[in-house]
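Each chain, letter by letter, is given below.
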Amino acid sequence: MLVTEILKSKGGDVFSITPTMAVGEVCAELDRRRVGALMVCDGDRVAGVISERDVVRALARDGATALERPVSDYMTRDVVFAEATDTVAILMARMTDRRIRHLPVLKEGRLAGVISIGDVVKCQIAEAKQEAEQLRTYIAAG
């Protein structure tokens, strides 16, 4: 399955914030949106990603004062992207190799969505169920 197909089923909603937003506000936004990461955008450009993991590391390093600092101090700047034509296997490899759980998707150079590890697992389960059903049908017909 391709990234494009995953985005069709889950939608292309992207929740983003600005680099100047305070980490405390980011925590509230993560909770409100019920997501594990937000894209940090500077205009049309993805400047970084801030995840729950990044927030925990910020708190571990700087304590409660991290909550008042801008997200740009703690966000992941080396953003790894997915392309609309990538396969689930490519996503799994990229996420595993880089130890990341969210990939922003670029389509024709523009941010088109975000794929999470949960989306990838859901896709893998659906494909396995479909394959099992096809095998059952084949065996029953034979």
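For the structure, see preceding data.
The model shown is predicted, which means the values in this text are computed figures rather than measured ones.

Colleague: How should I be thinking about the side chain of H102 in this particular structure?
Modeller: Residue position: H102 is located in strand β5 (residues 102-107). In this structure, H102 is in contact with G36, A37, M95, V114, I115 and S116, ignoring residues within four places of it in sequence.

Colleague: Mind showing me how you'd approach the sheet that holds strand β6 (residues 110-116) here?
Modeller: Picture the strands of a sheet paired through backbone hydrogen bonds; they go either parallel or antiparallel. Read across the open sheet, the 3 strands follow the order β4-β5-β6; overall the sheet is mixed. Each end of this open sheet is capped by a strand with a single partner; those strands are β4 (82-83) and β6. As judged from the 2 bridges shared by β4 and β5, these two strands associate in the parallel manner. Within the sheet, the bridge partner assigned to E83 lies in β5 and is L106. Here helix α4 (residues 88-98) sits on the sheet and contacts β4, β5 and β6; the angle it forms with β5, its principal contact strand, is near 135°.

Colleague: Please clarify how the packing of α4 against helix α5 (residues 117-141) should be interpreted in this entry.
Modeller: Helix packing geometry: the angle between the two helix axes and the distance between the axes. Closest axis-to-axis distance for the α4/α5 pair is 10 Å, and the angle between their directions is 140°. Considering their axes alone, α4 and α5 lie oblique with respect to each other. Both α4 and α5 take part in a crossing whose hand is left-handed. Contacts from V88, L91, M92 and M95 of α4 reach α5 at I117, V120, C123 and Q124.

Colleague: I would appreciate a short explanation of unusual backbone geometry in the present structure.
Modeller: Even without glycine at this site, R34 takes up a positive phi of about 60°. Turning to its location among the elements, R34 is positioned in the loop between α2 (23-33) and β2 (37-42). Taking the relative accessible area as the measure of exposure, R34 reaches 76% and is therefore exposed. One non-glycine residue, E108, lies in positive phi territory at about 55°. Turning to its location among the elements, E108 is positioned in the loop between β5 and β6.

Colleague: How should I be thinking about the environment of P70 in this particular structure?
Modeller: With respect to the secondary-structure elements, P70 resides in the loop between α3 (52-62) and β4. When the C-alpha atoms of P70 and A28 are compared, they prove to be 14 Å apart, with 42 residues separating the residues in sequence.

Colleague: Can you walk me through the pattern of salt bridges in this structure?
Modeller: Two side chains of opposite charge can pair, provided their charged atoms sit close to one another. Applying the stated criterion across every chain, the model contains 8 salt bridges. Between E29 and R33 there is a salt bridge, with its nearest N and O atoms 3.0 Å apart. Residue E29 and its partner R33 are located together in helix α2, separated by 4 residues, close to a single helical turn. One salt bridge connects R45 with D42, and the closest N-O pair in it is separated by 3.7 Å. Accessibility expressed as a relative area gives 49% for R45, which makes it partly exposed. Judged by relative accessible area, D42 falls into the partly exposed class, the value being 45%. When salt bridges with common partners are traced through the structure, they connect E29, R32 and R33 into a single cluster.

About the criteria used
- Residues numbered from 1 in each chain as written.
- Predicted model: local features only at pLDDT ≥ 70, side-chain atom pairs only at ≥ 80, totals over all residues.
- Heavy atoms only, no water.
- Helix = DSSP H or I, 4+ residues; strand = E, 2+ residues; numbered from the N terminus.
- Contact = heavy atoms within 4.5 Å.
- Pairing = 2+ DSSP bridges.
- Axes fitted to C-alpha atoms, helices over the stretch in contact; angles between N-to-C directions.
- Parallel < 35°, antiparallel > 145°, perpendicular 65-115°, else oblique.
- Left-handed = near helix turned anticlockwise from the far one by under 90°.
- Buried < 20%, exposed > 50% of the residue type's maximum accessible area, 1.4 Å probe, protein only.
- Salt bridge = Lys/Arg side-chain N within 4 Å of Asp/Glu carboxyl O.

Everything listed here is a matter of coordinates, which is why it stays silent on function.
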